[in-house]
Amino acid sequence: MTRDAFSQTRTFEKSLKIGSLIDGTANDEIRVWYLSGSYDPQVAFIAKPDSFSKWTLRIISFYRTKVDSTYNDYSLVLRHTSVDSLNLNKYWTLTSQSDLQNGDDYGCMDGEDIFIEMSNRMKYRFMWYRCPEINKSRDSVFLTASNLANRLDALAVEH
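Residues numbered from 1 in each chain as written. Predicted model: local features only at pLDDT ≥ 70, side-chain atom pairs only at ≥ 80, totals over all residues. Heavy atoms only, no water.

(A) Quick peek at unusual backbone geometry. At the junction of Asp-40 and Pro-41, the peptide bond is cis and its omega measures out at 0° in the coordinates. Note that Pro-41 resides in the loop between strand E1 (29-35) and strand E2 (42-49). Of note in this structure, Asn-87 is not a glycine but carries a positive phi near 50°. Along the chain, the position of Asn-87 falls in the loop between helix H2 (80-86) and strand E5 (113-119). Asn-87 gets classed as partly exposed once you look at its relative accessible area, which sits at 40%. (Helix = DSSP H or I, 4+ residues; strand = E, 2+ residues; numbered from the N terminus. Buried < 20%, exposed > 50% of the residue type's maximum accessible area, 1.4 Å probe, protein only.)

As structure tokens, then:
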């Protein structure tokens, strides 16, 4: 599953014309791909500081199957307190579903996936979670991933 999830994000990057994080970035960047199994549009949240250290949140809604897949694309500046509340550093050590003992046992037939990518000058990290809303009571990593996606969604709605 990790290979499939990783491959999907590369396909989405090309479709949305956004650069890859794999080789690192000048500043911290986190991407949260919130993907539904049964309906469009899908959502990508991209949080990163600009050259003045102000954090922006870019929200891209897109269709999986359309050639011109972007449905909506906008950015907003995040308050410093909003960025602090995300506690992004903890995600560098969050266990991916693929690293859980019996990680393949967590799943569902038609639910959402959350992919989290992080990058900075020194490192890149990729994590994935199948059906986090369903599995969040079974393991706290699903709850943590779900909370991050929900918090980014709430920040997008607040503005």
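(B) Fine view of helix H4 (residues 140-158). Along its 19 residues, H4 runs 26 Å from first to last C-alpha, staying within 8% of the 27 Å computed at 1.5 Å per residue. Along H4, the positions that sit buried rather than exposed are Val-141, Phe-142, Thr-144, Ala-145, Ser-146, Leu-148, Ala-149, Leu-152, Leu-155 and Ala-156. Sitting at the head of H4, Asp-139 places a side-chain oxygen 3.0 Å from the backbone nitrogen of Val-141. (Expected span 1.5 Å × (residues − 1). Polar contact = N/O pair within 3.5 Å; in protein donor to acceptor, adjacent residues only side chain to side chain.)

(C) Representation of the packing of aromatic side chains. Under the definition given, this model contains 9 aromatic pairs. With a centroid separation of 5.0 Å and 40° between ring planes, the pair formed by Tyr-106 and Phe-142 is classed as tilted. Of this pair, Tyr-106 sits in the loop between H2 and E5 while Phe-142 sits in helix H4, placing them 36 residues apart in sequence. Judged by centre distance (5.9 Å) and plane angle (50°), the rings of Phe-115 and Phe-126 are tilted. Remark: Phe-126 occurs in strand E6 (residues 124-130) and Phe-115 occurs in strand E5; sequence separation between them is 11 residues. Take Phe-115 and Phe-126: they sit in the same class, and that class is buried. The ring of Trp-92 is capped by Lys-123, whose NZ or CZ atom sits 4.6 Å from the centre of that ring. (Phe/Tyr/Trp six-rings, centres within 6.5 Å; stacked < 30°, edge-to-face > 60°. Lys NZ or Arg CZ within 6 Å of the ring centre and 35° of its normal.)

(D) Main features of the sheet that holds E2. Judged by pairing direction, the sheet is antiparallel, and its 6 strands sit side by side in the order E4-E3-E2-E1-E5-E6 without closing on themselves. Of all the strands in the sheet, just strand E4 (70-77) and E6 have a single pairing partner and so form its edges. Geometrically, the sheet is characterised by an average inter-axis angle of 10° between neighbouring strands, direction not taken into account. Relative to E4, strand E3 (residues 55-62) is paired through 7 bridges, and the arrangement is antiparallel. For Ile-60, the partnering residue across the bridge sits in E4 and is Asp-73. The strands touched by helix H1 (residues 2-16) are E1, E3, E4, E5 and E6; relative to E6, the strand with the most contacts, the crossing angle is about 110°. (Pairing = 2+ DSSP bridges. Axes fitted to C-alpha atoms, helices over the stretch in contact; angles between N-to-C directions. Contact = heavy atoms within 4.5 Å.)

(E) Looking closely at the side chain of Asn-120. With respect to the helices and strands, the residue Asn-120 is situated in the loop between E5 and E6. Polar contacts involving the side chain of Asn-120 include one to the main-chain amide nitrogen of Lys-123, which spans 2.9 Å. Contact partners of Asn-120, with chain neighbours within four places excluded, come to Gly-24, Thr-25, Asn-27, Asp-28 and Trp-92.

(F) Examining H1 more closely. When the terminal C-alpha atoms of H1 are compared, their 21 Å separation across 15 residues agrees well with the 21 Å that a helix rising 1.5 Å per residue should span. Regarding H1, the residues found buried are Ala-5, Thr-9, Arg-10, Phe-12, Glu-13 and Leu-16. Each buried residue of H1 sits inside an arc of 160° when the element is viewed along its axis, so together they form one side. Facing away from the buried side of H1 by more than 90 degrees, the exposed set consists of Arg-3 and Lys-14. Tucked into the core, H1 has its buried residues touching E1, E3, E4, E5 and E6. The positive-phi residue at the C-terminal boundary of H1 is Lys-17, with phi of around 60°. (Arc of directions from axis to C-beta.)

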